[in-house]
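Descriptive structure summary
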Amino acid sequence: MNQTQSDGQHLVVALKYRPQSFESLVGQNHIATALGNAIRQNRVGHAYLFTGARGVGKTSSARIFAKCLNCNQGPSAKPCENCDACEAISIGEDVDVIEIDGASNRGIDEIRQLRANASIRPSRSPFKIYIIDEVHMLTKEAFNALLKTLEEPPPHVKFIFCTTDPEKIPITVLSRCQRYDFSPVQTTEIAGRLQMIANNEGVEIDDAAIQLLARRANGSMRDSQSLLEQMLSFSDSQISVDDVHQLLGTADISRIAELAETMARHDAANALNQVHQGISEGVDAGQLMGQLLGYYRDMMAVRVQCSEETLLNCSGDDVLKLKELAEQYGLETILSIVQILDATLVRMHSSLHSRTLLEVAVVRICNLEHLDSMADLVASLSAGGSSPKPARQVKPSGRPKVPMKQVGVEKSASKKNEIVNPQPEPSTPVVDDPVKASPPTVGSESVNESVQETAEAPSTSPLPASDPRREPAPSQSNGSSPFATRNVEDVWKDVLARIGDMTADMASEYEKIDVEGDSRVVVTLMDKVNREFCSKPERKEQFEQYLQELTGKKIRVDFLVSERVIENHQLKPTLTRVQQIRKLEENQFVATALKIFEAEVADFKEIKRSPR
C-alpha cells in the first residue's frame, strides 16, 4: 500500500498511500468481491467499465485488476506485489499495461493506432491490458472505430474503461462492457484511512479535525487525502480543528448553530453582525454558505426523524441542538430555507459580490414566515371552518411590529346570495394568536406579529376597491350578472388576496379580464408559463371557490395567453444551445470543416456586424 519515491523526492499522500490490492481498497467491497470471484472462477471478461465520482478508486481498481491478471504467480485475486510485473504496474510503467488518457487521446487516429497495436502479443505477461481513463471524452468517430475490436478482441487483450460520466458513452459501447458502479466512500471509512495515514506520518490530529476533513471530502478518498496533505504542510506535528478551519476558510459548527438560532429569532441585525465577524476572522463567504446549506440539510433529516448515520455535515453531539431548532422552524420552513441557500450558492459561483448575496440570503431567512403555521391555516380555511386549528407557537420576532390586514372567514348566504361583511360575529370566539386570525398572503409581515387593526375602531376613510376588508356590494338574486354592482377586476383582486401564494402572483400578471354572461370569467395573462400554472385543475377550482364565495354564484374561470405574447413567440422562435449547435452542423461549410479536421462543434459565438 505504501509506495516510496526512488529518487528521494517527496511523494504526496494520495500517491504514497494508493491501494495496491483489493484488501486495501476502501469503501468498494462489492467491486473487490466481484472481480476477485471472476478471477477465481476463470470468468474474466474482455471489457470492463468502471463508473463513479472522482476519487473513489476507479483507476486504482483497474491497476489492481491488471496486477491480478499479469502477476507472475497468477492470474490470482491476490497479486504477490514482488514480481517485476506487479512493481511496474504499481507505478504505471509496465509495457503490457497501457494507460491512456481519453481527454488528450480522443481522436480516431489514436484509436486506429490502438487497434493496430492490440494485435501484437504482450511482451512478457499473459495479457495486454488497455486502461482508458475518462473514456467518455472520446469522439463519436473514435468510439465507432473501437466497436469491432471491443466486441471481438484478440484473446490476449483486455479493456478497462474508467469514467465519471457514463451517460456520454454510446449504448453500443456500454452493451459490450461489464459495468461496475463505484459508490461514494462513507465518512467513517475516510476518517479511518486518514487516521492511519496520520499515524504513519507521525502527526497527531484531533478526532474533530479528522471528522471535518472526512466530511469535507464528500465521499472522495482522493479529496480527503489532498486536504490532509495541505494540513501536513500547514502544521508540524499537531493538527487541531481550528487549524483545519483556518486553512479551509470554514467556520466552526458552533458558529453555524449560533447563526441558525439567531435567524430563527428573526433577528436580522444580529445575524448580519455574526456574518461580518466570521468573515473578518477569515471565514470565506462561499464556504459559510455551503456550511449553512449542509446544516439545514441535517436539520431537515433530524426533523423527519432520521438516524444519526444520515447526518452529512454534523456529528452526533449536534443532534439535540438540531432537534431544538427543527422544532422551532418547522419542516416547511426548513425546506424553503434549503431552497433559498441552494439558489444563492449557485449565484455566488458566478458573482463577484458573494458576501452581499450571502447577507441577502440571511436577511431573507430572518424575514421568512413560519410556513408550517400558514399551511395549517390554509387547510382550515379550505375546509370552511371559522376557527383554524391551533398552530405551533412561534417566538416573537425581533422586527418592528407592522399592522397587518385582517381578512376574516366570510360566509355566503345560501338564500339571498349576499356577501357578508368579513368582520367576526359576536358569537365568534376571539382568536388571540395572530397566526390563527390572519391569512397567508404573499409579501405580508410575519404571521406571528400582532394584528393592531383588530383592536382599532373602524376607520371612516373610504377603502380602495381592491382592499379585502371592503364590504362587497350584494349581488343580484334575480339571475342578473353578479358583476352588475362591482367591477370584475375588483372582485378578481379580492380573490387573489384570499389565495395569497405563488398562484396569486401568477394570476396577477394579466392583460385584461372579460365576463361572458353571468357564469364565466376569462383572464388573459401576459405569460404562457403563468397560464399553464393557473390552468391546473386544482388551482382553477380554488379560483372558482373564492369567486363563488364573493359573488354567491358558481362562476367558471378560464385562462388565455395574450395575443402579443403569441405573436412575439411566432416572430422570434428561440432555440436552445444544443439546437443551435445542430443547426450549425447542418451548414455545408461547417460540415466540410468538421469532416476535414475530424472535429465537432463545442461552442459558438454570435458576431453582430455593425452597419457600414
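First, a word on what this report is: a plain description of the structure on this page.

Analysis parameters
- Residues numbered from 1 in each chain as written.
- Predicted model: local features only at pLDDT ≥ 70, side-chain atom pairs only at ≥ 80, totals over all residues.
- Heavy atoms only, no water.
- Helix = DSSP H or I, 4+ residues; strand = E, 2+ residues; numbered from the N terminus.
- Contact = heavy atoms within 4.5 Å.
- Areas by Shrake-Rupley, 256 points an atom, 1.4 Å probe, with all protein chains shown as cover.
- Pairing = 2+ DSSP bridges.
- Axes fitted to C-alpha atoms, helices over the stretch in contact; angles between N-to-C directions.
- Salt bridge = Lys/Arg side-chain N within 4 Å of Asp/Glu carboxyl O.
- Buried < 20%, exposed > 50% of the residue type's maximum accessible area, 1.4 Å probe, protein only.
- Polar contact = N/O pair within 3.5 Å; in protein donor to acceptor, adjacent residues only side chain to side chain.
- Parallel < 35°, antiparallel > 145°, perpendicular 65-115°, else oblique.
- Nonpolar A, V, L, I, M, F, W, Y, C, P; charged D, E, K, R; others polar.
- Lys, Arg positive; Asp, Glu negative; His and termini not counted.

1. Some points on the overall build of the chain
Looking only at helices and strands, one finds 26 helices and 10 strands in the chain. Looking at the chain alone, contacts between residues at least 24 apart form 70% of all its contacts between residues at least 6 apart. Carbon and sulfur atoms make up 49% of the accessible area of the chain, which amounts to about 33100 Å² in all.

2. Some details on the sheet that holds strand β4 (residues 157–163)
Here five strands make up an open sheet; going across it, the order is β2-β3-β4-β1-β5 and the pairing parallel. Looking along the sheet, the strands with just one partner apiece sit at the ends: β2 (97–101) and β5 (178–181). For this sheet, the mean inter-axis angle between neighbouring strands, taken without regard to orientation, is 15°. Examined bridge by bridge, strand β1 (residues 47–51) and β4 share five bridges and lie parallel to one another. Its bridge partner lying in β4, Thr-51 is registered against Thr-163. Those strands touched by helix α2 (residues 29–40) are β1 and β5, and its axis lies near 155° from that of β5. With respect to the sheet, helix α3 (residues 58–70) is in contact with β1, β2, β3 (128–133) and β4, its orientation differing from that of β4 by roughly 165°.

3. Regarding the pattern of salt bridges
Taken as a whole and assessed by the stated rule, the structure comprises 21 salt bridges. Linking Arg-520 and Glu-516 is a salt bridge whose minimum nitrogen-to-oxygen distance equals 2.3 Å. The exposure class assigned to Arg-520 is partly exposed, which follows from its relative accessible area of 24%. A single salt-bridge network, built from bridges that share partners, covers Glu-516, Arg-520, Lys-540, Arg-556 and Asp-558.

4. Some thoughts on helix α26 (residues 588–597)
Of all 10 residues making up α26, only one are buried, and the element is barely covered by its neighbours. The N-terminus of α26 is capped by Asn-587, whose side-chain oxygen sits 3.2 Å from the backbone nitrogen of Val-590. Residue Glu-598 follows α26 closely and has a positive phi angle near 50°.

5. Concerning the pairing of strand β8 (residues 510–516)
Here β8 runs beside strand β9 (residues 520–525); their pairing, made up of six bridges, is antiparallel. Counterpart to Val-515 in the pairing with β9 is Val-521.

6. With respect to the sheet that holds β8
Two pairing modes exist for strands in a sheet, parallel and antiparallel, and in both the strands are linked by backbone hydrogen bonds. Spatially, the three strands line up as an open sheet ordered β8-β9-β10, and their pairing is mixed. The strands lining the two open edges of the sheet, one partner per strand, are β8 and β10 (556–561). The sheet shows a mean angle of 20° between the axes of neighbouring strands, taken without regard to direction. Alignment of β9 against β10, held across six bridges, turns out to be parallel.

7. Observations regarding the packing of helix α10 (residues 221–234) against helix α11 (residues 241–248)
One can describe the packing of α10 onto α11 by two numbers: an axis separation of 11 Å at closest approach and a directional angle of 105°. The orientation of α10 relative to α11 falls into the category roughly perpendicular. Together, Leu-227, Gln-230, Met-231 and Phe-234 of α10 and Asp-243, Val-244, Gln-246, Leu-247 and Leu-248 of α11 make up the contact between the two elements. Of the residues in the contact of α10 with α11, the class split is six nonpolar, two polar and one charged.

8. Focus on the side chain of Arg-539
Mapped onto the fold, Arg-539 is located in helix α23 (residues 537–551). Glu-538 provides the closest opposite charge to the buried, unpaired Arg-539, separated from it by 4.1 Å. The contact partners of Arg-539, leaving out residues within four places of it in the chain, are Thr-503, Phe-533 and Cys-534.

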